[in-house]
Structure formats: structure tokens, C-alpha cells
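# Examination of the molecular architecture
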2 protein chains.
Amino acid sequence: MSEVRIRPRQVLILIIVFLVVLMMVHRNGKRTCQGPEYLQAMFVQGDTLPTIYAVTPTYPRAAQKAELTRLSHLFMLLPHLHWIIVEDTNATTPLVRNLLDRAGLEKRSTLLNIKTPSEFKLKGKDPNWIKPRGVEQRNLALAWLRSHVDVDRHSIVFFMDDDNSYSTELFAEMSKIERGRVGVWPVGLVGGLMVERPLLTEDGTKVTGFNAAWRPERPFPIDMAAFAISMDLFIRNPQATFSYEVQRGYQESEILRHLTTRDQLQPLANRCTDVLVWHTRTEKTKLAAEEALLKKGQRSDGGMEV
Amino acid sequence: MSEVRIRPRQVLILIIVFLVVLMMVHRNGKRTCQGPEYLQAMFVQGDTLPTIYAVTPTYPRAAQKAELTRLSHLFMLLPHLHWIIVEDTNATTPLVRNLLDRAGLEKRSTLLNIKTPSEFKLKGKDPNWIKPRGVEQRNLALAWLRSHVDVDRHSIVFFMDDDNSYSTELFAEMSKIERGRVGVWPVGLVGGLMVERPLLTEDGTKVTGFNAAWRPERPFPIDMAAFAISMDLFIRNPQATFSYEVQRGYQESEILRHLTTRDQLQPLANRCTDVLVWHTRTEKTKLAAEEALLKKGQRSDGGMEV
């Protein structure tokens, strides 16, 4: 016998089985191939995760590209992140545009610019805390978010400095923030301490205080990297912005006082015991030899982007 | 008619078509889903790329986990990297072991340890250049490589500090290093310059010199991040090691003099015009508040790993 008899219904079943297997293989393929399991799981969940809008104020300096390059790796690894970079310049720069393009982030980034008014700009040897930084830039990002984000879809806003160190796990935690809430977690190497962290009730569900050593009397004595905010809170509270009119160290309290109370904060990162972000700072670049070259009308980086 | 007649040969052809489509979909799925195209291409090439052994000496300090976390993102993104971490400790530490596990790098990393002899260790306020760093650790990694790597397969060795900034593109360039050669490229923000770089012949194929401002008389006046080495050179030159017996700034020249000449160097990174790595340095962590706590017998990070 050289023939097999098959009914049309059997052919249909075969085709369906084929398609189901194809979909399963394809879905399984949609993941970072080398990352840890929770990252792979995030790829499989894909569109069901809330988008996290990471707002990064940045300004021109020798190490700018190095810092943004390090940060871009997080965006390559995490599919539900959208990067809002706000340059402190009169126009967006080729350096940042090139960086986003080369990282393949054209569709998952927004590049804005606004110059800090000169009266608020740091001068010469001013220590970096004397005037508030990033106020103008973060407010522009908030204005963009309020007019561009689809509020019917849950999304999250995080203020991400360009020289801190973030783990991929931090963003997995951030995805757990509920609508209408602000998530909080510990931050390493900040405020003179190894770790600044929220203190919780015994059942781990509510924040009762903070362990900050520096200005603990602030309403929210935490760093900008210690929290992220459900986007709907910004829509419901249009008055929530950053301000030049507040004391040093009060920017976090200034934005949060419009949006939440201590009691409503959502503790994350394993009941605030995992440190998933660190307030690292990069040394100012030493360029003595470059300055000597410039005096002779020469430079080391002619025609190159560093 | 309610039946279709199919020959066994046709069934066989159908199965083969099914399997081919399955393989194509699966292969296509094997890539980072969000990275730029050259990264996706590297995933598809997979095993045909030479393994890059990145050797990272590291030592306990407040920012250690933050720095290693940033670096781990490169390993998650680049499938052909193998991380050799060598701790300057008497035993490997849970901090580094946990970090490798949580990054999903158990199978693509090797954790070693060796303590720098105390007579070579930096003391108190010594500037960090007064004594050579990482000599013991890099030599242990070389010994491990010489006894564990399959020499019949082409592979590459790169010395990767734990606080510099690297782009993913650097590793794509490094993959082009030929057997028996040392690849070189520019490094940003080093030696007091915006960029230290090799100077090339007009056709871009050979190195004629370097633009270093600091000790340009060195045989190879370049930073540790400026080169990577085909593994076979280490096998053919077993005498090539790092040494305490050389002047400040001569470690790079010390290892390279055994392995290559200027003339044999392989210029990479778009004829040495792209800057893909930066010699950033992280500020020493300020822990005044923590020290005050410790005097009272308290600490901010009890039971936590920072």
C-alpha cells in the first residue's frame, strides 16, 4: 500500500497543531538568551508589563558619553523601559542622538532639551549641592509625559540620574507598583550611609519611617533613586512639579508631597531589604595634558566623539 | 469526497518542511530582542565567534557590588564573553558569588581569589598609583587560562577593570582579533587626555606610534583597556606575566613586550577613530554618617548586602 488516506478535518487539526507549536517556539524565543530567569520571564510577559518611563537629565561634560553608554545597557536588557533623556543644552546634541541610535533605542526613547537658566547654574568651584540640579529638565519631562502618555494603560515614572548604578532587578520590582501608588526601596551609598532605607511595619506592608541620618526631618528623607510613581498620580495632580524654591535636599519631598503620604507608600525589594540601586558618583575627569595641548592649538580628539 | 490521498513520501516532505520552518523560527528567536542589529547578529553567529575571556581583578570596598553589577550587564548582553573575576581576598566572597548567580552567569564565569602580599598593598592615604595593582590577580587568571583553555579554538583575553566604562561595540570589535595578534583601539579619558590612541599608517593597517602625553617613551604607552590578546600568544610565550619589578605605568608594556611588536599590532575600532571604552573612575564613597553610627555600635546595613 503506497497511500495514506486523510480526512479534511484531520488536515485542519494538523495545521492547527503546527501553528500552535510554531507560536510556542516563537514565544519561547522572545527573551534575552543569556540573562537570568526573571529577565527572560519579563520578555515572555512582554506587553502585559507596565511601561516604565525613566527620566534622565544630563549635561555636557567629558564623561557624559561613558555614563550614558553604561546606562543604555539596561534599556537593551529591559524591553518595557522607555528612556526620556533631557539635555541641559539649547538644542539636542549629536552625541546623545548617536548614542540612542547605536543602542537601537530610536523607538523606545524620547530626546528633549532645555537649558537651565544661568542664575541657577553651578559656577566654577561651587559644590554640586549648592543649587538644585535637573529641576528644569525633570519638569519638561513631566510636561511631555502628561501630554503624551495614554492614561488608560498603567505606566510608571522613575527619575534616573546618569551616574548612579542600577540593577536589572530594580526594574522588575518597579513593575509591581500599583495604580495610584508610589513604590519605595533602599538605596545604597547615599546620605553618608551604606544604605538609606524605609522602615516598615512588622508585616512589611506599610512604611513607618526612614533611617536617614542627613536631615531626617524632611517629609520624605529619601533619594531620587529610592522611588517610582504610577503615572496616573501625575495626571490627577497636575500641580506636582519640581521647584527652585525649596531648600537643599527637599526636591524629593517637594514632588512626593503632592502625590502620596508616607502611609500610602508601597514597599518593594523584598520588604525593603534588597539593595538594587546605588548612588555612585563618577570622579571629575582629569584633563591636565589636554589643557596643555589646547594651549598649543592642538587636541587629542580632533574629529572624534569621546 | 471526504478523503485526501497522500503518499508516504509526501508525508516525509511535509515533516521536513515543518522541521525546517521550526528551526528557522527558533534560530531567529535566538537573539537579544531589544538590542541594536550588530548585537542581534552576534547572537545569530553564536558559537562561531571566538570566546572573549574578560579578566577582572576586584577588591572589597563600599562600591564594589555597584560596579560589578554595572559590568554584569555587558555579560548578559554578549553571549561569547566569559568573565574571570579574581578577588583580592583570602577566599571568594558571597557578595561576588551571589552577583554572578543572580546575573545568570554561573556557566559563563570563573571566580578565583588571591590576596595581594601586604608589602605591595596600598596603605591609608597612598595615592592609588604608587604601587602596581592587580598584578597577583591578573597572573592567577593567566595561569588558569593557560591550563584550562582549549588552544585549538581561537579565543581572546581582555583585561577589564571593574570601574571603567565599556560599550557593547568594543566586544564586537574585539571579536575581529586574528590568531597570533594583539588588537588595539583608542581609550577615552585617560592619561590626562580626552583620548589616548594609536597612530596609524595612511592605509590604516599598521601602528606607527601613539599620542600619549604621559611617559610617551614607554614601549607601549597605552592603557590596560586599549588592547586584547589572542590566547595562543599566551600559550606560545609562557614567560609572559605581569610583574612588581617594573616602574609605574609599565605593566602594559611588560606584558606586551613578550607577545608582540608595535608593527604586529592589529588596529581596530574603525581605524582607531571610534572611542568605545572610557577610563572612568568612581569617587570614593563618603560614609561619615555610617562611621558615626558604628561608633555607637549601630549600622545602616545590618543583615543586608550593599
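This text goes with the structure placed above it.
Read on for a plain summary of the structure. (Residues numbered from 1 in each chain as written. Chains lettered and ligands numbered in written order. Predicted model: local features only at pLDDT ≥ 70, side-chain atom pairs only at ≥ 80, totals over all residues. Heavy atoms only, no water.)

## What to know about the overall build of chain A
- Helices and strands together make up the secondary structure of chain A, namely 10 helices and 14 strands.
- Taken along the three principal axes of its C-alpha coordinates, chain A extends 95 × 60 × 35 Å.
- Expressed as a percentage of the 306 residues in chain A, the buried residues total 54%.
- Intrachain contacts of chain A at a sequence separation of at least 6 include 73% that bridge at least 24 residues. (Helix = DSSP H or I, 4+ residues; strand = E, 2+ residues; numbered from the N terminus. Buried < 20%, exposed > 50% of the residue type's maximum accessible area, 1.4 Å probe, protein only. Contact = heavy atoms within 4.5 Å.)

## Comments concerning the sheet that holds strand β5 (residues 155-159) of chain A
All names here are of chain A.
- The strand order β4-β3-β2-β5-β12-β7-β13 describes an open sheet built from seven strands, whose pairing is mixed. Every other strand in the sheet has two partners, leaving β4 (109-113) and β13 (266-267) as the edge strands with one partner each.
- As defined by bridge partners, β5 adjoins strand β12 (residues 227-230) across three bridges and the pair is classed as antiparallel. Looking at β12, one finds that Val 157 is bridged to Ile 229. (Pairing = 2+ DSSP bridges.)

## Topic: the relation of the copies chain B and chain A
- Least-squares fitting of chain B to chain A yields an RMSD of 0.3 Å, with the transformation described by 0.0 Å of translation along the axis and a rotation of 180°. Expressed as an axis order, the relation between the two copies is that of a two-fold axis.
- When the interface residues of chain B are mapped onto chain A, 100% of them are again interface residues, pointing to one common binding face. (Least-squares fit on C-alpha atoms with pLDDT ≥ 70 in both.)

## Structural notes on the interface of chain B and chain A
- Counting from both sides, the interface comprises 78 residues of chain B and, opposite them, 78 residues of chain A.
- Both faces combined, the contact of chain B with chain A buries some 6,600 Å², and carbon together with sulfur accounts for 64% of it.
- Its salt-bridge partner being B:Asp274, residue A:Arg102 comes within 3.7 Å of it at the nearest N-O pair.
- Applying the counting criterion to the chain B and chain A interface returns 18 residue pairs in polar contact (both at pLDDT 80 or more).
- A per-element tally of the side of chain B that touches chain A places helix α3 (residues 64-77) of chain B first, with nine residues.
- Split by residue class, the side of chain B that touches chain A holds 38 nonpolar, 21 polar and 19 charged. (Buried area = accessible area lost by both parts, 1.4 Å probe. Salt bridge = Lys/Arg side-chain N within 4 Å of Asp/Glu carboxyl O. Polar contact = N/O pair within 3.5 Å; in protein donor to acceptor, adjacent residues only side chain to side chain. Nonpolar A, V, L, I, M, F, W, Y, C, P; charged D, E, K, R; others polar.)

## Side note on a nonpolar patch on the surface
Residue and element names in this part refer to chain A.
- Taken together, the side chains of Leu 12, Ile 16, Val 20 and Met 24 define a hydrophobic patch exposed on the protein surface, amounting to about 400 Å² of accessible area.
- On the secondary structure map, Met 24 appears in helix α1 (residues 8-29).
- Residue Met 24 is classed as exposed on the basis of its relative accessible area, which comes to 56%. (Patch = residues over 30% accessible without salt bridge, like charges linked within 9 Å, V, L, I, M, F, W, Y side chains within 5 Å. Areas by Shrake-Rupley, 256 points an atom, 1.4 Å probe, with all protein chains shown as cover.)

## Description of helix α5 (residues 135-148) of chain A
Residues and elements named next belong to chain A.
- If you check α5, its first and last C-alpha atoms are 20 Å apart, about what 14 residues at 1.5 Å a residue would give, namely 20 Å.
- Restricting attention to buried positions, one finds in α5 the residues Val 135, Gln 137, Arg 138, Ala 141, Leu 142, Trp 144 and Leu 145.
- Here the buried face of α5 lies against β2 (51-58), β3 (81-87), β4, β5, α7 (231-236) and α8 (251-256). (Expected span 1.5 Å × (residues − 1).)

## Focus: the pairing of β3(A)
All names here are of chain A.
- The element β3 is extensively covered by neighbouring structure, given that seven of its seven residues are classed as buried.
- Both faces of β3 are covered, namely the face carrying Leu 81, Trp 83, Ile 85 and Glu 87 and the face carrying His 82, Ile 84 and Val 86.
- Note: β2 against β3, seven bridges, orientation parallel. Its bridge partner lying in β3, Thr 56 is registered against Ile 85.
- Taken together, β2, helix α3 (residues 64-77) and β3 form a β-α-β motif whose crossover is right-handed. (Right-handed = clockwise from strand over helix to strand, strands pointing away.)

## Some remarks on the sheet that holds strand β3 (residues 81-87) of chain B
Residue and element names in this part refer to chain B.
- Ordered by their spatial adjacency, seven strands build an open sheet running β4-β3-β2-β5-β12-β7-β13, and the pairing between neighbours is mixed. The outermost strands of the open sheet, each flanked by one partner alone, are β4 (109-113) and β13 (266-267).
- Where helix α4 (residues 94-102) meets the sheet, its contacts fall on β3 and β4, and the angle it forms with β3 comes to roughly 170°.
- This element, helix α5 (residues 135-148), spans β2 (51-58), β3, β4 and β5 (155-159) of the sheet and lies at about 135° to β3. (Axes fitted to C-alpha atoms, helices over the stretch in contact; angles between N-to-C directions.)

## A short note on the nonpolar core
- Ranked by size, the top nonpolar core spans 144 residues in total, and within it A:Phe171 and B:Phe171 carry the most contacts.
- Setting aside anything within four residues of it in sequence, one finds A:Phe171 in contact with A:Met42, A:Ile52, A:Leu74, A:Leu78, A:His80, A:Leu81, A:Phe158, A:Met160 and A:Tyr166. (Core = buried A, V, L, I, M, F, W, Y, C linked by side-chain atoms within 4.5 Å.)

## Some points on the packing of aromatic side chains
All names here are of chain A.
- According to the stated counting rule, one finds 13 aromatic pairs over all chains in the structure shown.
- An aromatic cluster is built from Phe 158, Tyr 166, Phe 171 and Trp 185, whose rings are joined through pairwise contacts.
- The lysine or arginine in question, Arg 61, covers the ring of Tyr 59, its NZ or CZ lying 4.5 Å from the ring centre.
- For the cation-ring pair, Arg 138 lies above Phe 242, with the distance from its terminal atom to the ring centre recorded as 5.7 Å. (Phe/Tyr/Trp six-rings, centres within 6.5 Å; stacked < 30°, edge-to-face > 60°. Lys NZ or Arg CZ within 6 Å of the ring centre and 35° of its normal.)

## Focus on the pattern of salt bridges
- Scanning all chains against the criterion turns up 28 salt bridges over all chains.
- A salt bridge links B:Asp232 to B:Arg236; the nearest nitrogen and oxygen atoms lie 3.1 Å apart. Highlighted residues: B:Asp232 and B:Arg236, both in helix α7 (residues 231-236), separated by four residues, approximately one helical turn.
- The exposed category is assigned to B:Arg236, whose relative accessible area is 56%.
- Salt bridges sharing partners connect three or more residues here, namely A:Arg61, A:Glu67, A:Arg70 and A:Asp162.

## Some thoughts on the pairing of strand β12 (residues 227-230) of chain B
- The pairing of strand β7 (residues 182-184) of chain B with β12(B) spans three bridges and is classified as antiparallel. Bridging across to β12(B), B:Val184 finds its partner in B:Phe227.

## Some details on the packing of α3(A) against helix α4 (residues 94-102) of chain A
Residues and elements named next belong to chain A.
- Packing of α3 against α4 leaves a shortest axis separation of 11 Å and a crossing angle of 25°. The orientation of α3 relative to α4 falls into the category roughly parallel. For the pair α3 and α4, the crossing hand works out as right-handed. Where α3 approaches α4, its residues Gln 64, Lys 65, Leu 68 and Thr 69 are matched on the opposing element by Leu 95, Val 96 and Leu 99.
- The residue makeup of the contact of α3 with α4, split by class, is four nonpolar, two polar and one charged. (Parallel < 35°, antiparallel > 145°, perpendicular 65-115°, else oblique. Left-handed = near helix turned anticlockwise from the far one by under 90°.)

## Details of helix α10 (residues 288-295) of chain A
- Considered for burial, the residues of α10(A) that qualify are A:Ala289, A:Glu290 and A:Leu293. Burial along α10(A) is one-sided: seen end-on, the buried residues are contained in an arc of 100°. Along α10(A), the residues that are exposed and aim more than 90 degrees away from the buried face are A:Ala288 and A:Lys295.
- In this structure, the buried side of α10(A) is in contact with β9 (193-196) of chain B. (Arc of directions from axis to C-beta.)

## Looking at the environment of B:Arg215
All names here are of chain B.
- In this structure, Arg 215 sits in the loop between β11 (207-210) and β12.
- The class for Arg 215 is partly exposed, based on a relative accessible area of 26%.
- Spatially, the C-alpha atom of Arg 215 lies 9.8 Å from that of Arg 248, the residues being 33 residues apart in sequence.
- Each residue touching Arg 215, except ones within four places of it in the same chain, is listed here: Pro 221, Gln 247, Arg 248 and Tyr 250.
- A polar side-chain atom of Arg 215 sits 3.2 Å from a polar atom in the side chain of Gln 247.

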